[in-house]
Amino acid sequence: MKSLILIGPPGAGKGTQSKVLCEKYGIVQIATGDILRANVKENTALGIEAKGYMDKGQLVPDKLVVDMVVGRLGQDDCKQGFILDGFPRNVGQAEALEGVLNDCNRKIDAAIGIVVESKDLVDRLTGRRVCRGCGASFHVSYNPPKAEGVCDLCSGELYQRDDDTSSTIESRLEVYERETRPVIDFYIEKGLYSPVEGVGTMETITKEIVKAIG
Ligand code: ADP
Ligand code: ZN
């Protein structure tokens, strides 16, 4: 049983690594961005409220996101462990998470930071294409699908996320520096943080993360 947090800027590869780690440890991925996008697609009240923030590259208000995560953590499949991908994204969320886990006698085992320089991130994000079917990520130059626009894994249609455009990317990177970077200090103080170099092959990065988890 492992309860993990992946921290890293947009485009660091949190989603890709989370999926591999979930398989390896038999735990579930809780990707707040994915859950929010599913809400937007289904036009739920949460989705309607969240969309404006997401399109501008801003954080969705804590109250909404924290309630969403608490609801998800309460589901049975999270009992075996989980990876939080994209949460907590500011210190308020980190404190809220700690409170909820304390209440049910659980704790985070490790917070892993995926470190990538910002000049590499813009490139990764503008070229990113995501599968509508299974959520797999590709990149037009660094990790192109075998057939353009088609997912290698499930033959689903690949699309570009609404927020993977240069103007929104800039504000997402700013928000990361201002709001999310302090979350790293939060977990350093608790002795839970390990940074991992996020540049290299997917397999090498996975190995480094596994080593850091211990
Ligand atoms: P990325 O890490 O590539 O920026 P995500 O899919 O994790 O992408 O998030 C996309 C958007 O969803 C964010 O820019 C933000 O608007 C919203 N979001 C996701 N997670 C959170 C969170 N924990 N708190 C607030 N907003 C969030
Ligand atoms: Zn797919």
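Let us look at the structure shown here. All of these numbers come straight from a predicted model, not from anything done at the bench. (Residues numbered from 1 in each chain as written. Chains lettered and ligands numbered in written order. Predicted model: local features only at pLDDT ≥ 70, side-chain atom pairs only at ≥ 80, totals over all residues. Heavy atoms only, no water.)

## Here we look at the pairing of strand S1 (residues 2–7)
Quick reminder of the rule: Throughout this description, buried means an accessible area under 20% of the type-specific maximum (1.4 Å probe, protein chains only), exposed means over 50%, and partly exposed covers the range between. For helices the rule is a DSSP run of H or I covering at least 4 residues; for strands it is a run of E covering at least 2, with both sets numbered from the N terminus onward. Here, strands pair whenever DSSP counts at least two bridges between them.
A large share of S1 lies buried, amounting to five of its six residues. The sheet contact formed by S1 and strand S3 (residues 81–85) spans five bridges and is parallel. The residue of S3 that forms the bridge with leucine 6 is aspartate 85. Relative to strand S4 (residues 110–115), S1 is paired through four bridges, and the arrangement is parallel.

## A word on the layout of surface pockets
It is the rolling of a water-molecule-sized probe over the atoms that shows where space remains empty. Going by this rule: Here a cavity denotes a set of grid points, spaced 1 Å apart and computed over the protein atoms alone, in which a 1.4 Å probe fits but from which it cannot get out, and a pocket denotes an open set meeting protein on both sides within 12 Å along at least five of seven lines; residues with an atom within 4 Å of a point are reported as lining. Grid points are joined across faces, edges and corners, and a volume is the space filled by probe spheres set on the points. Each residue is assigned to one class: nonpolar for Ala, Val, Leu, Ile, Met, Phe, Trp, Tyr, Cys and Pro, charged for Asp, Glu, Lys and Arg, and polar for all the others, Gly among them.
In this structure, the second largest pocket occupies an estimated 160 Å³ of space. Per-element tally for the lining of the second largest pocket: the top contributor is helix H7 (residues 166–189), with five residues. Classifying every residue of the lining of the second largest pocket by side-chain character gives 10 nonpolar, three polar and three charged.

## Let's talk about the sheet that holds strand S2 (residues 28–31)
For clarity, the threshold we go by: Helix axes use the C-alpha atoms of the stretch in contact, all axes being lines fitted to C-alpha atoms, and the angles between their N-to-C directions lie in the range 0 to 180 degrees. The criterion used for residue contact is that any of the two residues' heavy atoms lie within 4.5 Å.
Strands sit in the order S2-S3-S1-S4-S8 across an open sheet of five strands; the sheet is parallel. Since the sheet does not close on itself, it has two edges, and those belong to S2 and strand S8 (193–197), each with one partner. With strand direction ignored, the average angle separating the axes of adjacent strands in the sheet is 25°. Packed on one face of the sheet, H7 meets S1, S4 and S8 and runs near 140° to S1.

## Thoughts on the packing of aromatic side chains
The test is simple: The rule is short: rings of Phe, Tyr and Trp, with Trp giving its six-membered ring, pair when the centres are within 6.5 Å, and they are stacked under 30 degrees, edge-to-face over 60, tilted in between. We call a charge positioned over a ring when the NZ of a Lys or the CZ of an Arg lies within 6 Å of the ring centre and within 35 degrees of the ring normal.
Summed over all chains, the structure comprises one aromatic pair. Relative to tyrosine 187, the ring of phenylalanine 186 lies with its centre 5.0 Å away and its plane at 80°, an arrangement referred to as edge-to-face. Accessibility assignment for this pair places phenylalanine 186 and tyrosine 187 in one class, buried. Its end group placed over the ring of tyrosine 25, lysine 24 keeps NZ or CZ at 5.7 Å from the ring centre. Between lysine 190 and the ring centre of phenylalanine 186, over which it is positioned, the NZ or CZ distance is 4.8 Å.

## Overview of the coordination of the zinc ion (ligand 2)
To keep it simple, the criterion reads: Because water is not among the atoms used, a metal site may look incomplete, as its donors are only the N, O and S atoms within 2.8 Å, or 3.2 Å for Na, K and Ca. Only two sets of limits are used to name each site, 85 to 135 degrees for every angle of a tetrahedral four-donor site, and over 155 degrees for opposite donors with all other angles from 65 to 115 for a square planar four-donor or octahedral six-donor site, with any other site named irregular.
The zinc ion (ligand 2) binds to the protein through Cys131 (SG), Cys134 (SG), Cys151 (SG) and Cys154 (SG), with metal-donor distances spanning 2.3 to 2.4 Å. One can describe the donor arrangement at the zinc ion (ligand 2) as tetrahedral, given that its four donor atoms subtend angles of 95 to 116° at the metal. As a motif over one chain, the donors of the zinc ion (ligand 2) read C-x2-C-x16-C-x2-C. Separated by 20 residues along the polypeptide, cysteine 131 in strand S5 (residues 128–131) and cysteine 151 in the loop between strand S6 (137–139) and strand S7 (158–159) bring together distant segments of the chain. By relative accessible area, which is 3% here, cysteine 151 ends up buried.

## Brief notes about the side chain of arginine 172
Stated formally: Counted as a polar contact is a pair of N or O atoms within 3.5 Å, where, for protein atoms, one must be capable of donating a hydrogen and the other of accepting one, and residues adjacent in sequence contribute only when both atoms are in side chains.
As for its placement among the helices and strands, arginine 172 is situated in helix H7. Relative accessible area serves as the criterion here: at 9%, arginine 172 is assigned to the buried category. Among the polar contacts listed, one links the side chain of arginine 172 to the backbone oxygen of aspartate 163, at a separation of 2.6 Å. Other than its neighbours up to four places away in sequence, arginine 172 contacts Pro10, Gly57, Leu125, Arg128, Arg161, Asp163 and Asp164.

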